[in-house]
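Fold and contact review
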Amino acid sequence: MFTSITGTDFETTEQVPTSSFPPVWVGFVFAFIFFVVEVVFAIVTFDWEEEASAMDARVAASLGLLGLPGIIYWMFCIHRLHKILAQMTHGQYPNSPLETALKHLIPFYNLYWIFKWPGEFSDYLNRRGRVKIISGAGLGVMLLLGMIIYRAIDGAIGMTCIFAVTMYMSSKLKAHIKALKGITPDQLPPLPDPAIFSRPIETSTSLAQETTERSQVG
């Protein structure tokens, strides 16, 4: 919410950012390619059942390398979203773009970070009231679930979940900026009438005299 028309904190001095939004949909292309390769590898390993254990190790290594570009691209999307936030708040947004992206690479800490930055993202947008977005805890749970699916169950499905959450967040930030662009001077609270400051202040004595005069007339 606006706390002051002429405030100097970043909550009241948003500006339209110059950076463009990342094409998050490209992440689904990575997920689809991952799925196709998974199918190919499944056919290959089925034809070589006698070497299943050796093939499984090579498949796991190959799929891990294949999924790396998708994860890097996801970090690029996160970086770009936070670059937009930094520009919008004159560099006062709490998390820098590079910091937000790279902290996902810190073992164990990334389990905390995957909840931390979505929480601040959600709180920032919800406090301003231009759009409504689900809580940071909800976003973090969905991202963590996507990561678990990616690593333990199916890489293509997990990557799809991760990019779906990121696309949702990107769309909310777009809507926020669209509303910011739509603010015109006539939508701001009206300025007080300068004439009110030039009017004499009535004293209690004059009010009493006016009351007495009215009673005498009556």
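This write-up is about the structure you can find in this document. Treat the numbers as computed from the prediction; the structure is a model and nothing was measured.

Reading the values: rules and limits
Residues numbered from 1 in each chain as written. Predicted model: local features only at pLDDT ≥ 70, side-chain atom pairs only at ≥ 80, totals over all residues. Heavy atoms only, no water. Helix = DSSP H or I, 4+ residues; strand = E, 2+ residues; numbered from the N terminus. Buried < 20%, exposed > 50% of the residue type's maximum accessible area, 1.4 Å probe, protein only. Contact = heavy atoms within 4.5 Å. Core = buried A, V, L, I, M, F, W, Y, C linked by side-chain atoms within 4.5 Å. Axes fitted to C-alpha atoms, helices over the stretch in contact; angles between N-to-C directions. Parallel < 35°, antiparallel > 145°, perpendicular 65-115°, else oblique. Left-handed = near helix turned anticlockwise from the far one by under 90°. Nonpolar A, V, L, I, M, F, W, Y, C, P; charged D, E, K, R; others polar. 1 Å grid on protein atoms, 1.4 Å probe; cavity = no way out; pocket = protein on both sides within 12 Å on 5 of 7 lines; lining within 4 Å. Points joined across faces, edges and corners; volume = space filled by probe spheres on them. Phe/Tyr/Trp six-rings, centres within 6.5 Å; stacked < 30°, edge-to-face > 60°. Patch = residues over 30% accessible without salt bridge, like charges linked within 9 Å, V, L, I, M, F, W, Y side chains within 5 Å. Areas by Shrake-Rupley, 256 points an atom, 1.4 Å probe, with all protein chains shown as cover. Salt bridge = Lys/Arg side-chain N within 4 Å of Asp/Glu carboxyl O.

So, the overall build of the protein chain
For the protein chain, the count of helices and strands is seven helices and zero strands. In sequence order, the secondary structure elements of the protein chain are arranged as α-α-α-α-α-α-α. Out of the 218 residues belonging to the protein chain, those deemed buried represent 35%. At a minimum sequence separation of 6, the contacts of the protein chain that also span at least 24 residues come to 70%.

Considerations on the nonpolar core
Among the nonpolar cores identified, the biggest contains 36 residues, and W74, F121 and L173 are the most heavily contacted of them. Counting residues per element, this core draws most heavily on helix α2 (residues 52-88), at 10 residues. Excluding residues within four positions of it along the chain, W74 makes contact with H104, W117, L143, M147, I162, F163 and T166.

Here we look at the packing of helix α5 (residues 136-153) against helix α6 (residues 155-181)
Two elements in contact, α5 and α6, have axes whose closest approach is 6 Å; the angle formed by their N-to-C orientations is 160°. The orientation of α5 relative to α6 falls into the category roughly antiparallel. Along this stretch, α5 crosses α6, giving a crossing that reads as left-handed. Where α5 abuts α6, its residues L139, M142, L143, G146, M147, I149, Y150 and I153 lie against G155, I157, G158, M159, C161, I162, V165, Y168 and M169. Looking at the contact of α5 with α6 residue by residue, the classes come out as 14 nonpolar, three polar and no charged.

With respect to the layout of surface pockets
Estimated volume of the largest pocket: approximately 470 Å³. Among the elements of the structure, α2, α4 (109-128) and α5 are those that each provide at least two residues to the lining of the largest pocket. Per-class residue counts for the lining of the largest pocket are 15 nonpolar, four polar and one charged.

Thoughts on the packing of aromatic side chains
For the structure shown, the criterion picks out eight aromatic pairs. Ring geometry for Y73 and F163: centres 6.2 Å apart, planes at 35°, overall tilted. Residue Y73 is located in helix α2, and its partner F163 is located in helix α6; the two are separated by 90 residues in the primary sequence. Both residues of the pair, Y73 and F163, belong to the buried class.

Remarks on a nonpolar patch on the surface
A surface patch of nonpolar side chains, amounting to about 910 Å² of accessible area, comprises W25, V29, F32, I33, F35, V36, V39, V40, I43 and M167. When residues of the nonpolar patch are assigned to their parent elements, the largest contribution, eight residues, is made by helix α1 (residues 26-47). Inspection of the secondary structure puts W25 in the segment before α1. W25 sits in the exposed class, given a relative accessible area of 53%.

Quick word on the packing of α4 against α6
Helix packing geometry: the angle between the two helix axes and the distance between the axes. Running from N to C, α4 and α6 point in directions that differ by 30°, and their axes come no closer than 11 Å. By the angle between their axes, α4 is roughly parallel relative to α6. Remark: the crossing between α4 and α6 carries left-handed chirality. Note on element contacts: α6 touches α4 through M169, K172, L173 and H176, opposite W117, P118, F121, Y124, L125 and R128. Grouping the constituent residues of the contact of α4 with α6 by class yields seven nonpolar, one polar and two charged.

Topic: the environment of S96
Position of S96 relative to the elements: it lies in the loop between α2 and α3 (97-102). Taking C-alpha positions, S96 is 6.6 Å from H82, a pair spaced 14 residues apart along the chain.

Nothing here speaks to function; it is all geometry.
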